[in-house]
Amino acid sequence: MSVKAAMTVDKDFRIGSIDERIYGSFIEHLGRAVYGGIYEPGHPDSDEQGFRRDVLELVKELQVPIIRYPGGNFVSGYNWEDSVGPQSERPTRLELAWRVLETNQFGFNEFVDWTKKANSEVMMAVNLGTRGIDDARNILEYSNHPSGTYWSDLRRKHGYEQPHGIKTWCLGNEMDGPWQIGHKTADEYGRLANETAKAMRLVDPSIELVVCGSSHLHMPTFAQWEATVLEHTYDSVDYMSLHQYYGNPQDDTPTFLARSVQMDDFIGKVISTCDYVKAKNRSKKTIQLSFDEWNVWYHSHQSDRKLDPWQIAPPQLEDVYNHEDALLVGCMLISLLKRADRVKMACMAQLVNVIAPIMTETGGAAWKQTIFYPYLHASVFGRGQALIPLIQSDKYDTKEITDVPYLESVAVHNEEQGEVTIFAVNRHLDQALQLNIDLRSFGTLSLIEHIVLEHEDLKAANTREQPHTVQPHTGGNAAVEGGAKVTAALSKASWNVIRLRMSDRA
């Protein structure tokens, strides 16, 4: 018996405009994300600042619009002043979050320079673990104030006459987590975050602020944490953060590929909590979401436990991703797009070497992991309006998750380009999925291409020795019938991008 699905897409049934920052990423001072990743003086392909050109080219290919920095857990013990000024005068510190040595040879200004070369923007986090209001207002003054004050003139002394103009700031990181340096209760954090936000807005009223939500869906304090924090901060912040990682340690692929159903539920619950506080406050303001940590993460756990402490940039969290990981990443991207009305920023964690789409060899090559490809396709082709897909699909059950559709899909209308793009994952591990899509509201359509990411081996991975084992091809079988209907047989366990052109843009 074949697996079937039908989908109807109407250009007027809009979820919302896609904020390009939904395709953001994350660089933390962790493992080889910075040292040996984006920054490696002496590498044959490094520029005059020590930035690896090969990595920059891959980041630019992804079109990453915003990058969160410098953490992550790292930020809760971070003294930003250590990372500016002459490199020869910067101190080496014990970095307690990951128990390594931080040399501070790559710092705040270097990151700003690097993001400009990567055609991206900065999402900066402030330390609300060991520090607080003073630290936040000072770094903001250093970054954004033009001149004539201690911190702004210090920036100018360091060679940056013009302000950095960073607009997006995170008020700490995962402050609900007992592992966090300076861990706080919801009331403690909510009050500190609110007072910090007020002080930062006095320095620069134009900034936007992200407050910490729960570290993941299964935290014992979720969603009371969100409610309590927002009761303190509702009028002073713009976004609430979400974090979530998934793994497949039990090698249960059907359940693993269904995890994005739980992600949908997580997003819905956070939205409900935000709107509960909105109603309670009789507020007209709507809190948007920043899903600023998301990915697959579990492959590296055992090797990380074997590392000796107090090394400089050891290989930490270096997951080697396989084909099934790319499929779940595709499903997670679809989950973000299905709530584009409220999820306005998101950061794949992280960007290079550390649970990342890009891997490097210190002194050697850089290559694309399997998860690079769905991230690339969504970022490049997923701009415009997210549309509500009306889907009928065969389903399956797992021990944990029931009614999982074999088809996971969303549509994007780029009116400016005159294109409609269908992103789709076939979760079935053994059979192709027969898909019929009704797009009659768009008039006559023609097929641009059908990109497919597939592999016979779910565990197949890209490595330094074999960097092209899993990569997409344009040999998909999608076809347009009668000008407004699309048929396709989506290969088993595949990620698909079906790009269509509207007739008036031919």
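The structure displayed is predicted, hence computed values, not measured ones.

Colleague: How would you summarise the overall build of the protein chain if you had to cite specific residues and measurements?
Modeller: Counting its secondary structure elements, the protein chain contains eleven helices and 25 strands. For 506 residues, the compact-globule formula gives about 23 Å, and the C-alpha radius of gyration of the protein chain, at 23 Å, lands near that figure. When each of the 506 residues of the protein chain is scored for burial, the buried share is 61%. Relative to all contacts within the protein chain whose residues are 6 or more apart in sequence, the contacts with residues 24 or more apart total 76%.

Colleague: Describe in detail the pairing of strand β11 (residues 288-296), supporting the description with residues and values.
Modeller: Taking burial as the measure, the nine residues of β11 include eight buried ones, the bulk of the element. In this structure, strand β10 (residues 239-246) lies alongside β11, joined through seven bridges in parallel fashion. In the sheet register, Tyr245 faces β11, and the bridge partner there is Asn295. Sheet analysis places β11 next to strand β12 (residues 343-349), joined by four bridges and oriented parallel. Looking at β12, one finds that Phe291 is bridged to Ala346.

Colleague: Report on the layout of surface pockets, specifying residues and quantitative values.
Modeller: Quantified by volume, the largest pocket comes out at close to 850 Å³. The wall of the largest pocket is formed by 38 residues, among which Asn73, Trp98, Trp297, His301 and Leu317 lie closest to the centre. For the lining of the largest pocket, the elements supplying multiple residues, two or more each, are β10, α8 (259-280) and α9 (301-305). Looking at the lining of the largest pocket residue by residue, the classes come out as 15 nonpolar, 14 polar and nine charged. Its boundaries defined by the atoms lining it, the second largest pocket holds a volume of some 190 Å³. Every residue lining the second largest pocket is counted, 13 residues in all, and those nearest its centre are Gly77, Tyr78, Asn79, Arg93 and Leu94. For the lining of the second largest pocket, the leading source of residues is strand β5 (residues 93-95), giving three residues. Tallied by class, residues from the lining of the second largest pocket come to five nonpolar, four polar and four charged.

Colleague: Go over a nonpolar patch on the surface with me, naming the residues and quoting the values.
Modeller: A grouping of Phe13, Ile388 and Leu390 is seen on the molecular surface, where their side chains present a nonpolar patch of about 270 Å² in accessible area. By secondary structure assignment, the location of Phe13 is in the loop between β1 (3-8) and β2 (14-17).

Colleague: Could you give an account of helix α6 (residues 224-233), naming the residues involved and the relevant values?
Modeller: With seven of ten residues buried, α6 lies mostly within the body of the structure. Where α6 is concerned, the buried positions are Trp225, Glu226, Ala227, Thr228, Val229, Leu230 and Thr233. Those residues of α6 that are buried are in contact with α5 (186-203), β9 (208-211), β10 and α8.

Colleague: Pulling in residues and values, what's your account of the pattern of salt bridges?
Modeller: Working definition: two side chains of opposite charge can pair if their charged atoms are close together. Tallying each qualifying case throughout the model produces 36 salt bridges. Among the salt bridges present, the one from Glu293 reaches Arg68, with a minimum N-O distance of 3.0 Å. Placement of Glu293 in strand β11 and of Arg68 in strand β4 (residues 66-69) is noted, with a sequence separation of 225 residues between them. Judged on exposure class, the residue Glu293 and its partner Arg68 are both buried. One salt bridge in this structure joins Arg191 and Glu195, with 3.8 Å as the shortest N-O distance. In this pair, Arg191 and Glu195 both sit in helix α5, four residues apart, roughly one turn of the helix. Judged by its relative accessible area of 54%, Arg191 falls in the exposed class. A single network of salt bridges, built from pairs that share partners, joins Asp264, Lys338, Glu408 and Arg427.

Colleague: Would you mind going over the environment of Asp238 in detail, with residue names and values included?
Modeller: Tracing the backbone through its elements, the reader meets Asp238 in the loop between α6 and β10. The class for Asp238 is partly exposed, based on a relative accessible area of 23%. At 2.8 Å, the side chain of Asp238 and the side chain of Arg201 are in polar contact. Separated by 2.8 Å, the side chain of Asp238 and the backbone nitrogen of Leu209 make a polar contact.

Colleague: Kindly report on the pairing of β12, identifying the contributing residues and their values.
Modeller: The buried count for β12 comes to seven of seven residues, which makes it a mostly enclosed element. The pairing of strand β3 (residues 24-26) with β12 spans three bridges and is parallel. Within β12, the residue paired with Phe26 across the bridge is Ala349.

Colleague: Can you explain the sheet that holds strand β19 (residues 407-414)? Please cite residues and give values.
Modeller: Spatially, the six strands line up as an open sheet ordered β2-β15-β19-β20-β25-β22, and their pairing is antiparallel. The sheet is open, and its two edges are formed by β2 and β22 (445-453), each paired on a single side. With direction set aside, neighbouring strand axes in the sheet form an average angle of 20 degrees. With three bridges joining them, strand β15 (residues 385-387) and β19 adopt antiparallel strand pairing.

The rules behind these values
- Residues numbered from 1 in each chain as written.
- Predicted model: local features only at pLDDT ≥ 70, side-chain atom pairs only at ≥ 80, totals over all residues.
- Heavy atoms only, no water.
- Helix = DSSP H or I, 4+ residues; strand = E, 2+ residues; numbered from the N terminus.
- Rg over C-alpha atoms; globule rule 2.2 N^0.38 Å.
- Buried < 20%, exposed > 50% of the residue type's maximum accessible area, 1.4 Å probe, protein only.
- Contact = heavy atoms within 4.5 Å.
- Pairing = 2+ DSSP bridges.
- 1 Å grid on protein atoms, 1.4 Å probe; cavity = no way out; pocket = protein on both sides within 12 Å on 5 of 7 lines; lining within 4 Å.
- Points joined across faces, edges and corners; volume = space filled by probe spheres on them.
- Nonpolar A, V, L, I, M, F, W, Y, C, P; charged D, E, K, R; others polar.
- Patch = residues over 30% accessible without salt bridge, like charges linked within 9 Å, V, L, I, M, F, W, Y side chains within 5 Å.
- Areas by Shrake-Rupley, 256 points an atom, 1.4 Å probe, with all protein chains shown as cover.
- Salt bridge = Lys/Arg side-chain N within 4 Å of Asp/Glu carboxyl O.
- Polar contact = N/O pair within 3.5 Å; in protein donor to acceptor, adjacent residues only side chain to side chain.
- Axes fitted to C-alpha atoms, helices over the stretch in contact; angles between N-to-C directions.

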